[in-house]
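One letter stands for each residue in the lines below.
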Amino acid sequence: MSRAKPFYYLVDGLTDENAHIIRKGLDVIADIKEVQVSVGRSMVETLAFRDVEDQVRLACDVANVHFRSRARL
């Protein structure tokens, strides 16, 4: 299996509550090793084996927040 890489996603409307929902939803994805959600920066950071944008979009829908875009850092 390849090495995990960081991926960053901008999300509008994050609060502590829905950040927890996003984190819990992404924790169960096998391709994701680590998830961090920063409310202050409005960012979801993943350490994953592939781009998991579709899964982040779904987690945002469940948490009722707006997925803005993937950030390239």
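Position numbers for residues start from 1 in each chain and track the written sequence from start to end. Per-residue local features of the predicted model are confined to residues with pLDDT of at least 70, and side-chain atom pairs are confined, for both listing and counting, to 80 or more; whole-chain, interface and lining totals are unaffected and use all residues. Heavy atoms throughout the structure, all of them, feed into the side-chain values; hydrogens and water do not.

The subject of this paragraph is the environment of arginine 57. With respect to the helices and strands, the residue arginine 57 is situated in helix H2 (residues 53–63). Separated by twelve residues in sequence, arginine 57 and serine 69 have C-alpha atoms that sit 9.4 Å apart. Starting at the N terminus, helices and strands are each numbered in turn, a helix being any DSSP run of H or I of at least four residues and a strand any DSSP run of E of at least two.

This part takes up the side chain of serine 38. With respect to the element layout, serine 38 can be found in strand E2 (residues 32–38). Counted as a polar contact is a pair of N or O atoms within 3.5 Å, where, for protein atoms, one must be capable of donating a hydrogen and the other of accepting one, and residues adjacent in sequence contribute only when both atoms are in side chains. Reaching out from serine 38, the side chain makes a polar contact with the backbone nitrogen of arginine 41 at a distance of 3.3 Å. Dropping the residues within four chain positions of it, serine 38 is found in contact with Leu14 and Met43. The contact definition used throughout considers only heavy atoms, calling two residues in contact when any of these lie within 4.5 Å.

In these notes, a set of buried Ala, Val, Leu, Ile, Met, Phe, Trp, Tyr and Cys residues joined through side-chain atoms within 4.5 Å is what counts as a nonpolar core. For each residue, the accessible area found with a 1.4 Å probe, counting protein chains only, is set against the maximum for its type, and the residue is called buried under 20%, exposed over 50%, and partly exposed in between. Counting 19 residues, the largest nonpolar core has Tyr9, Ile22, Leu26, Val37, Val44, Val56 and Cys60 as its most contacted members. Among the elements that line this core, the one with the most residues is H2, at four residues. For valine 44, the residues in contact, after removing those within four places along its chain, are Phe7, Tyr8, Tyr9, Val11, Ile22, Leu26, Gln36 and Val37.

The criterion for strand pairing is that DSSP finds at least two bridges linking the strands in question. Both strand E1 (residues 5–12) and strand E3 (residues 43–48) contribute to a ladder of six bridges, which runs antiparallel. When the sheet's bridge partners are listed, tyrosine 8 is paired in E3 with glutamate 45. Relative to strand E4 (residues 66–71), E1 is paired through five bridges, and the arrangement is antiparallel. The residue of E4 that forms the bridge with leucine 10 is serine 69.

Once that is clear, we can look at the packing of aromatic side chains. In this analysis, rings of Phe, Tyr and Trp, with Trp reduced to its six-membered ring, are considered paired at centre separations within 6.5 Å, and the interplanar angle assigns stacked below 30 degrees, edge-to-face beyond 60, and tilted for intermediate values. Scanning all chains against the criterion turns up one aromatic pair. For the pair tyrosine 9 and phenylalanine 67, a centre-to-centre distance of 6.1 Å together with 45° between the ring planes defines the contact as tilted. You can see tyrosine 9 sitting in strand E1 and its partner phenylalanine 67 sitting in strand E4, a full 58 residues away along the chain. By the burial criterion, tyrosine 9 is buried, and phenylalanine 67 matches it.

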